[in-house]
Amino acid sequence: MQFYHLPKAEGIDDLTLAEAPEPEPQRGQVKLRMRAWSLNYRDLMVATGRYGVGGTKPGLIPLSDGAGEVVAVGPDVRRARPGDRICPTFMQGWLGGEVIAEARQRALGGGIDGVLADYVLVDQEDLVHIPDHLSFEEAATLPCAAVTAWNALFGARALRPGETVLVLGSGGVSVFALQFAHAAGARVIATSSSDAKLARLRALGAADGINYRDTPDWQEAVRALTGGRGADYVVEVGGAGTLPRSIAAARIGGQVALIGVLTGGQIDPAPIMRRNIVLRGIFVGSREMFAAMNRAITHHRIRPQIDKVFAFAQAREAYRHLQAAGHVGKVVIRAA
Ligand SMILES: NC(=O)c1ccc[n+]([C@@H]2O[C@H](COP(=O)([O-])OP(=O)(O)OC[C@H]3O[C@@H](n4cnc5c(N)ncnc54)[C@H](OP(=O)(O)O)[C@@H]3O)[C@@H](O)[C@H]2O)c1
(Lines give C-alpha, C1' and ligand atoms only; values in the text may rest on other atoms or scores of the structure.)
Protein backbone atom coordinates (compact mmCIF):
# COMPACT_ATOMS: atom_id res chain seq x y z
CA MET A 1 0.00 0.00 0.00
CA GLN A 2 0.97 3.63 -0.38
CA PHE A 3 1.14 6.16 2.44
CA TYR A 4 2.54 9.63 3.08
CA HIS A 5 4.90 10.48 5.91
CA LEU A 6 6.93 13.43 7.17
CA PRO A 7 10.56 12.29 7.55
CA LYS A 8 11.67 15.62 9.09
CA ALA A 9 8.55 17.83 9.31
CA GLU A 10 10.42 20.69 7.63
CA GLY A 11 7.46 21.83 5.54
CA ILE A 12 4.98 20.76 2.89
CA ASP A 13 7.78 19.60 0.54
CA ASP A 14 8.76 17.07 3.21
CA LEU A 15 5.53 15.18 2.57
CA THR A 16 6.87 11.93 1.10
CA LEU A 17 5.06 9.07 -0.61
CA ALA A 18 6.22 5.59 0.48
CA GLU A 19 5.16 1.95 0.26
CA ALA A 20 4.57 -0.67 2.96
CA PRO A 21 2.83 -4.04 3.25
CA GLU A 22 -0.88 -3.81 4.01
CA PRO A 23 -1.50 -4.05 7.79
CA GLU A 24 -3.62 -6.94 9.12
CA PRO A 25 -6.21 -6.35 11.86
CA GLN A 26 -5.50 -7.78 15.30
CA ARG A 27 -7.99 -8.49 18.10
CA GLY A 28 -10.56 -5.69 18.33
CA GLN A 29 -9.21 -3.88 15.25
CA VAL A 30 -10.86 -2.85 12.01
CA LYS A 31 -9.02 -2.53 8.70
CA LEU A 32 -10.19 0.45 6.64
CA ARG A 33 -9.58 1.07 2.98
CA MET A 34 -9.39 4.84 3.04
CA ARG A 35 -11.49 6.56 0.37
CA ALA A 36 -11.03 10.26 1.23
CA TRP A 37 -9.22 12.59 3.62
CA SER A 38 -9.51 16.23 4.63
CA LEU A 39 -7.02 18.83 5.80
CA ASN A 40 -7.11 21.07 8.85
CA TYR A 41 -5.02 24.14 9.66
CA ARG A 42 -3.37 21.95 12.28
CA ASP A 43 -1.94 19.72 9.52
CA LEU A 44 0.04 22.72 8.22
CA MET A 45 1.47 23.16 11.72
CA VAL A 46 2.31 19.44 11.96
CA ALA A 47 4.06 19.53 8.57
CA THR A 48 6.29 22.37 9.77
CA GLY A 49 6.98 20.94 13.24
CA ARG A 50 4.98 23.72 14.98
CA TYR A 51 2.32 21.50 16.56
CA GLY A 52 2.32 20.21 20.13
CA VAL A 53 4.91 20.43 22.88
CA GLY A 54 7.55 18.10 21.42
CA GLY A 55 7.02 19.05 17.76
CA THR A 56 6.38 16.42 15.11
CA LYS A 57 7.69 12.85 15.53
CA PRO A 58 10.09 12.10 12.61
CA GLY A 59 8.37 9.92 10.04
CA LEU A 60 4.84 10.67 11.26
CA ILE A 61 1.98 9.68 8.96
CA PRO A 62 -0.09 12.90 8.84
CA LEU A 63 -3.81 13.76 8.96
CA SER A 64 -6.47 13.09 11.54
CA ASP A 65 -9.39 13.20 9.13
CA GLY A 66 -10.50 10.55 6.74
CA ALA A 67 -13.30 8.21 5.78
CA GLY A 68 -13.12 4.66 4.51
CA GLU A 69 -14.74 1.33 4.08
CA VAL A 70 -14.21 -1.65 6.38
CA VAL A 71 -12.47 -4.40 4.40
CA ALA A 72 -11.57 -6.79 7.25
CA VAL A 73 -12.01 -7.13 11.00
CA GLY A 74 -9.95 -8.87 13.67
CA PRO A 75 -11.34 -11.29 16.30
CA ASP A 76 -13.95 -9.93 18.76
CA VAL A 77 -15.00 -6.95 16.64
CA ARG A 78 -18.66 -6.13 17.24
CA ARG A 79 -18.95 -2.41 16.37
CA ALA A 80 -18.26 -2.74 12.61
CA ARG A 81 -18.57 -5.19 9.74
CA PRO A 82 -16.95 -5.44 6.30
CA GLY A 83 -18.64 -2.94 3.98
CA ASP A 84 -19.42 -0.42 6.76
CA ARG A 85 -18.57 3.24 6.03
CA ILE A 86 -16.47 4.62 8.85
CA CYS A 87 -14.58 7.65 10.16
CA PRO A 88 -11.86 7.12 12.77
CA THR A 89 -12.25 9.54 15.71
CA PHE A 90 -9.73 12.38 16.10
CA MET A 91 -8.65 11.53 19.63
CA GLN A 92 -8.30 7.80 20.00
CA GLY A 93 -9.59 6.61 23.39
CA TRP A 94 -11.85 9.61 24.21
CA LEU A 95 -15.19 7.88 24.06
CA GLY A 96 -17.32 10.25 26.16
CA GLY A 97 -17.41 12.51 29.21
CA GLU A 98 -14.45 14.75 29.95
CA VAL A 99 -11.24 14.31 28.00
CA ILE A 100 -8.73 11.95 29.62
CA ALA A 101 -5.03 12.75 29.71
CA GLU A 102 -3.97 9.62 27.80
CA ALA A 103 -6.34 10.39 24.92
CA ARG A 104 -4.80 13.85 24.50
CA GLN A 105 -1.54 12.09 23.56
CA ARG A 106 -3.38 9.93 21.04
CA ALA A 107 -4.63 12.40 18.45
CA LEU A 108 -4.32 10.96 14.94
CA GLY A 109 -1.67 12.65 12.82
CA GLY A 110 -0.30 14.44 15.92
CA GLY A 111 0.73 12.33 18.90
CA ILE A 112 0.31 9.12 16.88
CA ASP A 113 0.35 8.20 13.19
CA GLY A 114 -2.56 9.54 11.17
CA VAL A 115 -4.60 8.27 8.26
CA LEU A 116 -3.03 9.48 4.99
CA ALA A 117 -2.53 5.90 3.81
CA ASP A 118 -4.38 3.46 1.53
CA TYR A 119 -5.20 1.25 4.53
CA VAL A 120 -5.32 1.98 8.27
CA LEU A 121 -6.10 -0.09 11.34
CA VAL A 122 -8.43 1.39 13.96
CA ASP A 123 -9.56 0.02 17.30
CA GLN A 124 -13.27 -0.76 17.04
CA GLU A 125 -13.97 1.70 19.88
CA ASP A 126 -12.37 4.61 18.03
CA LEU A 127 -14.69 4.91 15.06
CA VAL A 128 -18.12 6.19 14.09
CA HIS A 129 -20.40 5.24 11.21
CA ILE A 130 -20.90 7.85 8.48
CA PRO A 131 -24.34 9.44 7.85
CA ASP A 132 -25.95 7.66 4.87
CA HIS A 133 -26.53 10.81 2.81
CA LEU A 134 -22.84 11.81 2.82
CA SER A 135 -20.21 10.76 0.29
CA PHE A 136 -16.84 9.55 1.56
CA GLU A 137 -15.41 12.95 0.58
CA GLU A 138 -18.03 14.80 2.61
CA ALA A 139 -17.66 12.46 5.58
CA ALA A 140 -13.87 12.87 5.55
CA THR A 141 -14.35 16.49 6.64
CA LEU A 142 -16.01 15.63 9.95
CA PRO A 143 -13.59 14.23 12.58
CA CYS A 144 -11.69 17.42 13.54
CA ALA A 145 -13.36 20.62 12.29
CA ALA A 146 -16.99 19.53 12.58
CA VAL A 147 -16.66 17.86 15.99
CA THR A 148 -14.79 20.93 17.27
CA ALA A 149 -17.61 23.21 16.09
CA TRP A 150 -20.19 20.87 17.63
CA ASN A 151 -18.35 20.80 20.96
CA ALA A 152 -18.09 24.61 20.97
CA LEU A 153 -21.86 25.02 20.58
CA PHE A 154 -23.30 21.98 22.34
CA GLY A 155 -20.49 20.41 24.41
CA ALA A 156 -21.23 22.30 27.66
CA ARG A 157 -24.12 24.79 27.87
CA ALA A 158 -26.12 23.96 24.72
CA LEU A 159 -26.94 26.73 22.26
CA ARG A 160 -30.61 27.78 22.29
CA PRO A 161 -32.88 28.90 19.42
CA GLY A 162 -32.82 32.65 18.91
CA GLU A 163 -29.35 33.10 20.38
CA THR A 164 -26.62 34.76 18.34
CA VAL A 165 -23.42 32.99 17.33
CA LEU A 166 -20.40 34.88 15.99
CA VAL A 167 -18.10 32.84 13.74
CA LEU A 168 -14.70 34.18 12.65
CA GLY A 169 -13.55 33.60 9.08
CA SER A 170 -14.66 31.02 6.56
CA GLY A 171 -12.41 28.06 7.37
CA GLY A 172 -13.40 24.51 8.23
CA VAL A 173 -14.40 24.97 11.88
CA SER A 174 -16.24 28.26 11.32
CA VAL A 175 -18.35 27.01 8.40
CA PHE A 176 -19.44 23.93 10.36
CA ALA A 177 -20.30 26.13 13.34
CA LEU A 178 -22.38 28.34 11.02
CA GLN A 179 -24.26 25.33 9.63
CA PHE A 180 -24.91 23.74 13.06
CA ALA A 181 -25.99 27.04 14.66
CA HIS A 182 -28.29 27.85 11.74
CA ALA A 183 -29.87 24.38 11.92
CA ALA A 184 -30.39 24.84 15.69
CA GLY A 185 -32.41 28.02 15.10
CA ALA A 186 -29.71 30.47 16.15
CA ARG A 187 -28.76 33.70 14.38
CA VAL A 188 -25.26 33.62 12.86
CA ILE A 189 -23.02 36.63 12.32
CA ALA A 190 -19.91 35.80 10.27
CA THR A 191 -16.70 37.73 9.72
CA SER A 192 -14.34 37.26 6.79
CA SER A 193 -11.46 38.88 4.95
CA SER A 194 -13.48 38.90 1.73
CA ASP A 195 -16.91 40.06 0.52
CA ALA A 196 -17.08 37.15 -1.94
CA LYS A 197 -16.59 34.69 0.94
CA LEU A 198 -19.22 36.55 3.00
CA ALA A 199 -21.70 36.04 0.16
CA ARG A 200 -21.02 32.28 0.36
CA LEU A 201 -21.49 32.36 4.14
CA ARG A 202 -24.81 34.21 3.78
CA ALA A 203 -25.97 31.57 1.29
CA LEU A 204 -25.24 28.94 3.96
CA GLY A 205 -27.42 30.72 6.50
CA ALA A 206 -25.42 33.57 8.04
CA ALA A 207 -27.83 36.40 8.80
CA ASP A 208 -25.08 39.05 8.68
CA GLY A 209 -21.51 39.32 7.45
CA ILE A 210 -18.73 41.70 8.47
CA ASN A 211 -15.58 42.19 6.40
CA TYR A 212 -12.89 42.48 9.10
CA ARG A 213 -10.45 44.11 6.65
CA ASP A 214 -12.88 46.97 5.88
CA THR A 215 -14.18 47.05 9.46
CA PRO A 216 -11.19 46.50 11.76
CA ASP A 217 -13.37 47.27 14.82
CA TRP A 218 -15.70 44.41 13.92
CA GLN A 219 -16.62 43.90 17.58
CA GLU A 220 -18.47 47.24 17.40
CA ALA A 221 -20.35 46.03 14.32
CA VAL A 222 -21.39 42.85 16.16
CA ARG A 223 -22.66 44.91 19.09
CA ALA A 224 -24.56 47.23 16.73
CA LEU A 225 -26.15 44.24 14.96
CA THR A 226 -27.32 42.85 18.32
CA GLY A 227 -28.80 46.07 19.66
CA GLY A 228 -25.77 46.65 21.89
CA ARG A 229 -26.11 43.27 23.63
CA GLY A 230 -23.35 41.27 21.96
CA ALA A 231 -23.20 37.66 20.76
CA ASP A 232 -24.22 34.78 23.05
CA TYR A 233 -21.46 32.58 21.60
CA VAL A 234 -18.19 33.34 19.88
CA VAL A 235 -16.44 30.56 17.97
CA GLU A 236 -12.91 31.94 18.50
CA VAL A 237 -10.55 30.48 15.91
CA GLY A 238 -8.28 33.52 15.63
CA GLY A 239 -6.29 33.18 18.85
CA ALA A 240 -4.58 35.93 20.81
CA GLY A 241 -4.80 38.46 17.96
CA THR A 242 -8.61 38.34 17.78
CA LEU A 243 -9.53 37.31 21.35
CA PRO A 244 -9.78 40.84 22.82
CA ARG A 245 -12.27 41.83 20.10
CA SER A 246 -14.12 38.52 20.48
CA ILE A 247 -14.52 39.20 24.20
CA ALA A 248 -15.81 42.70 23.43
CA ALA A 249 -18.22 41.24 20.83
CA ALA A 250 -19.67 38.73 23.35
CA ARG A 251 -22.61 39.65 25.55
CA ILE A 252 -22.11 39.96 29.30
CA GLY A 253 -21.95 36.37 30.52
CA GLY A 254 -21.46 35.14 26.94
CA GLN A 255 -19.54 32.03 25.95
CA VAL A 256 -16.24 32.28 24.06
CA ALA A 257 -15.01 28.93 22.75
CA LEU A 258 -11.21 29.07 22.56
CA ILE A 259 -10.29 27.01 19.54
CA GLY A 260 -7.71 28.54 17.26
CA VAL A 261 -4.23 29.92 17.08
CA LEU A 262 -4.27 31.69 13.70
CA THR A 263 -2.92 34.97 15.11
CA GLY A 264 -0.63 36.14 17.92
CA GLY A 265 -0.95 38.98 20.44
CA GLN A 266 -1.36 39.94 24.08
CA ILE A 267 -4.41 39.37 26.28
CA ASP A 268 -5.68 41.70 29.02
CA PRO A 269 -7.70 39.48 31.39
CA ALA A 270 -9.64 42.36 33.00
CA PRO A 271 -12.48 42.54 30.39
CA ILE A 272 -13.03 38.78 30.76
CA MET A 273 -13.67 39.33 34.46
CA ARG A 274 -15.65 42.56 34.17
CA ARG A 275 -17.95 41.17 31.45
CA ASN A 276 -18.42 37.78 33.22
CA ILE A 277 -17.26 36.03 30.04
CA VAL A 278 -17.13 32.23 30.09
CA LEU A 279 -13.97 31.15 28.27
CA ARG A 280 -13.99 27.49 27.34
CA GLY A 281 -10.97 25.71 25.91
CA ILE A 282 -11.88 23.21 23.22
CA PHE A 283 -9.78 20.28 22.01
CA VAL A 284 -11.96 18.68 19.31
CA GLY A 285 -14.33 16.27 21.04
CA SER A 286 -15.27 12.73 22.02
CA ARG A 287 -16.79 9.84 20.09
CA GLU A 288 -20.03 10.54 21.94
CA MET A 289 -20.06 14.11 20.56
CA PHE A 290 -19.21 12.83 17.06
CA ALA A 291 -22.16 10.42 17.19
CA ALA A 292 -24.57 13.11 18.46
CA MET A 293 -23.36 15.46 15.73
CA ASN A 294 -23.91 12.79 13.06
CA ARG A 295 -27.51 12.40 14.23
CA ALA A 296 -28.04 16.14 13.77
CA ILE A 297 -26.29 16.10 10.37
CA THR A 298 -28.55 13.24 9.31
CA HIS A 299 -31.74 14.87 10.61
CA HIS A 300 -31.03 18.26 9.00
CA ARG A 301 -29.45 16.74 5.86
CA ILE A 302 -26.44 19.00 6.44
CA ARG A 303 -23.80 18.78 3.70
CA PRO A 304 -20.19 19.69 4.53
CA GLN A 305 -18.86 22.50 2.34
CA ILE A 306 -16.01 21.20 0.21
CA ASP A 307 -13.91 23.91 -1.40
CA LYS A 308 -11.72 21.70 -3.59
CA VAL A 309 -10.85 18.02 -4.01
CA PHE A 310 -7.31 16.85 -4.87
CA ALA A 311 -6.07 13.45 -6.03
CA PHE A 312 -4.02 11.31 -3.60
CA ALA A 313 -0.93 11.96 -5.74
CA GLN A 314 -1.48 15.74 -5.31
CA ALA A 315 -1.39 15.79 -1.50
CA ARG A 316 1.24 18.55 -1.44
CA GLU A 317 -0.92 20.72 -3.70
CA ALA A 318 -3.84 20.18 -1.32
CA TYR A 319 -1.70 21.41 1.60
CA ARG A 320 -0.63 24.46 -0.43
CA HIS A 321 -4.23 25.24 -1.30
CA LEU A 322 -5.13 25.26 2.41
CA GLN A 323 -2.08 27.36 3.23
CA ALA A 324 -3.10 30.00 0.65
CA ALA A 325 -6.32 30.47 2.71
CA GLY A 326 -8.50 31.26 -0.31
CA HIS A 327 -10.84 28.40 0.58
CA VAL A 328 -14.30 28.37 2.14
CA GLY A 329 -14.96 25.23 4.18
CA LYS A 330 -12.85 22.13 3.62
CA VAL A 331 -10.01 20.96 1.40
CA VAL A 332 -10.29 17.26 0.54
CA ILE A 333 -8.05 14.54 -0.93
CA ARG A 334 -9.66 11.58 -2.70
CA ALA A 335 -8.30 8.07 -3.04
CA ALA A 336 -6.90 7.02 -6.41
N1 LIG B 1 -8.83 23.44 19.49
C2 LIG B 1 -9.23 22.55 18.59
O3 LIG B 1 -9.71 21.47 18.92
C4 LIG B 1 -9.14 22.91 17.15
C5 LIG B 1 -9.78 22.11 16.19
C6 LIG B 1 -9.76 22.54 14.87
C7 LIG B 1 -9.10 23.70 14.52
N8 LIG B 1 -8.46 24.41 15.47
C9 LIG B 1 -7.78 25.67 15.15
O10 LIG B 1 -8.77 26.57 14.67
C11 LIG B 1 -8.19 27.41 13.70
C12 LIG B 1 -8.99 27.30 12.42
O13 LIG B 1 -8.81 25.98 11.91
P14 LIG B 1 -9.45 25.54 10.52
O15 LIG B 1 -8.94 24.19 10.22
O16 LIG B 1 -10.90 25.84 10.51
O17 LIG B 1 -8.70 26.61 9.59
P18 LIG B 1 -8.79 26.89 8.04
O19 LIG B 1 -9.80 26.06 7.36
O20 LIG B 1 -7.40 26.91 7.53
O21 LIG B 1 -9.39 28.38 8.04
C22 LIG B 1 -8.64 29.49 8.30
C23 LIG B 1 -9.51 30.71 7.95
O24 LIG B 1 -9.53 31.57 9.09
C25 LIG B 1 -9.76 32.88 8.64
N26 LIG B 1 -8.83 33.78 9.32
C27 LIG B 1 -7.51 33.88 9.19
N28 LIG B 1 -7.04 34.87 9.94
C29 LIG B 1 -8.10 35.43 10.54
C30 LIG B 1 -8.28 36.53 11.42
N31 LIG B 1 -7.26 37.27 11.83
N32 LIG B 1 -9.54 36.80 11.84
C33 LIG B 1 -10.59 36.07 11.45
N34 LIG B 1 -10.47 35.03 10.60
C35 LIG B 1 -9.25 34.73 10.17
C36 LIG B 1 -9.56 32.91 7.13
O37 LIG B 1 -10.87 33.02 6.55
P38 LIG B 1 -11.36 34.41 5.94
O39 LIG B 1 -10.48 34.70 4.75
O40 LIG B 1 -12.80 34.19 5.60
O41 LIG B 1 -11.20 35.45 7.00
C42 LIG B 1 -8.96 31.54 6.86
O43 LIG B 1 -9.32 31.02 5.60
C44 LIG B 1 -6.73 26.99 13.58
O45 LIG B 1 -5.94 27.79 14.44
C46 LIG B 1 -6.73 25.57 14.07
O47 LIG B 1 -5.50 25.16 14.58
C48 LIG B 1 -8.46 24.04 16.78
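Residues numbered from 1 in each chain as written. Predicted model: local features only at pLDDT ≥ 70, side-chain atom pairs only at ≥ 80, totals over all residues.

> What is the right way to look at the overall build of the protein chain in this model?
Counting its secondary structure elements, the protein chain contains 11 helices and 15 strands. Relative to the globule expectation of 20 Å for 336 residues, the C-alpha radius of gyration of the protein chain, 20 Å, shows essentially globular dimensions. Counting only C-alpha atoms, the protein chain reaches 60 × 40 × 35 Å along its principal axes. Here the protein chain holds 336 residues, and the buried ones make up 48% of them. (Helix = DSSP H or I, 4+ residues; strand = E, 2+ residues; numbered from the N terminus. Rg over C-alpha atoms; globule rule 2.2 N^0.38 Å. Buried ≥ 20, exposed ≤ 12 C-beta atoms within 10 Å, placed from the backbone.)

> Is there a simple way to think about the domain arrangement of the protein chain in this case?
Reports often express the size of an interface as the amount of accessible area lost when the parts come together. Taken domain by domain, the protein chain consists of domain 1 (2-141 + 304-334) and domain 2 (147-281). Each of domain 1 and domain 2 has a C-alpha centre, and these two points are 28 Å apart. At the interface, eight residues of domain 1 touch eight residues of domain 2. Among the residues forming the side of domain 1 that touches domain 2, the class breakdown is three nonpolar, four polar and one charged. (Domains from an automatic or database assignment. Contact = placed C-beta atoms within 7 Å. Nonpolar A, V, L, I, M, F, W, Y, C, P; charged D, E, K, R; others polar.)

> Which parts of the structure should I look at to understand the site of the ligand?
Surveying the vicinity of the ligand reveals 33 residues, the closest of which are G169, S170, G171, S192 and G260. Elements with a minimum of two residues in the shell around the ligand: α1 (41-47), α4 (142-154), α5 (172-183) and β9 (187-192). Of the residues belonging to the shell around the ligand, the class tally is 15 nonpolar, 16 polar and two charged. Structurally, the shell around the ligand is a two-domain feature, drawing no fewer than three residues from each of domain 1 (2-141 + 304-334) and domain 2 (147-281). (Near = placed C-beta within 6 Å.)

> Looking at this structure, how should I read the pairing of strand β10 (residues 208-211)?
Each regular strand displays side chains that alternate between the two surfaces of the sheet. Relative to β10, β9 runs parallel, the two being bridged by four bridges. Paired with I189 across the two strands is D208, which belongs to β10. Following the backbone out of β9, through helix α6 (residues 195-203) and into the adjacent parallel β10, one traces a crossover that is right-handed. (Pairing = 2+ DSSP bridges. Right-handed = clockwise from strand over helix to strand, strands pointing away.)

> Mind showing me how you'd approach unusual backbone geometry here?
If a residue is not glycine, its phi is most likely negative; likewise, a peptide bond is most likely trans. Of note in this structure, V284 is not a glycine but carries a positive phi near 50°. Looking at where V284 falls in the secondary structure, it is placed in the loop between β13 (278-281) and α10 (287-300). Its identity as a non-glycine residue notwithstanding, R301 has a phi of 50°, on the positive side. One can find R301 in the loop between α10 and β14 (306-311).

> Looking at this structure, I do not really get the nonpolar core. What am I missing?
For soluble globular proteins, nonpolar side chains are generally found buried alongside one another. One finds V147, A149, L153, V165, L166, A177 and V235 to be the most contacted residues of the largest nonpolar core, which totals 99 residues. Tallying contributions element by element places α4 first for this core, with nine residues. Of the residues that make up this core, three or more belong to each of domain 1 (2-141 + 304-334) and domain 2 (147-281). Every residue in contact with L166, bar those within four places of it in the chain, is listed here: I189, V222, A231, Y233, V234, V235 and A249. (Core = buried A, V, L, I, M, F, W, Y, C linked by C-beta atoms within 7 Å.)

> Just to check I follow, could you spell out helix α7 (residues 218-225) for this structure?
Three or four residues apart is the spacing at which side chains of an α-helix point the same way, because the helix has 3.6 residues per turn. Along α7, the positions that sit buried rather than exposed are W218, Q219 and V222. The buried residues of α7 occupy an angular sector of 105° when the element is viewed end-on, so they sit on one face. On the buried face of α7, the contacting elements are β8 (164-168), β9, β10, β11 (231-236) and α8 (243-249). Of the residues trailing α7, G227 is marked for its positive phi of about 60°. (Arc of directions from axis to C-beta.)

> Looking at this model, I keep getting lost on the environment of Q305. Mind explaining?
Note on placement: Q305 falls in the loop between α10 and β14. Residue classification places Q305 among the buried residues on the basis of 21 C-beta atoms within 10 Å. Between the alpha carbons of Q305 and A146 there is a distance of 11 Å; along the sequence they are 159 residues apart. The contact partners of Q305, leaving out residues within four places of it in the chain, are V175, L204, V328, G329 and K330.

> So what exactly am I meant to see when it comes to the sheet that holds strand β12 (residues 250-258) here?
Note: strands within a sheet are paired through backbone hydrogen bonds, in either parallel or antiparallel orientation. Within the open sheet, the six strands sit side by side as β10-β9-β8-β11-β12-β13. Their pairing is parallel. Each end of this open sheet is capped by a strand with a single partner; those strands are β10 and β13. Within the sheet, the average angular offset between the axes of one strand and its neighbour, ignoring direction, is 20°. Where α5 meets the sheet, it contacts β8, β9 and β11, and its direction lies at approximately 165° from that of β8. (Axes fitted to C-alpha atoms, helices over the stretch in contact; angles between N-to-C directions.)

> What am I meant to see in the environment of V188 here?
Within the secondary structure, V188 sits in strand β9. Beyond its immediate chain neighbours, meaning those up to four positions away, V188 contacts V165, V167, L178, A181, H182, G205, A206 and A207.

> Help me understand the packing of α4 against α10, please; the structure alone is not making it clear to me.
Any two packed helices are characterised by the angle at which their axes cross and by the distance between the axes. Two elements in contact, α4 and α10, have axes separated by 9 Å at closest approach and are oriented at 90°. Judged by the angle between their axes, α4 and α10 are roughly perpendicular. Note on element contacts: α10 touches α4 through M289, F290 and M293, opposite A146, V147, W150 and N151. (Parallel < 35°, antiparallel > 145°, perpendicular 65-115°, else oblique.)

> Is there a simple way to explain the packing of α4 against α5 in this structure?
Relative orientation of the contacting elements α4 and α5 amounts to 50°, with a least axis distance of 8 Å. Relative to α5, the element α4 is oriented oblique. The two elements α4 and α5 meet at a crossing, and its hand is right-handed. Touching A145, A146, T148, A149, W150, A152 and L153 of α4 are G172, V173, F176, A177, F180 and A181, all from α5. In the contact of α4 with α5, the residues fall into 11 nonpolar, two polar and no charged. (Left-handed = near helix turned anticlockwise from the far one by under 90°.)

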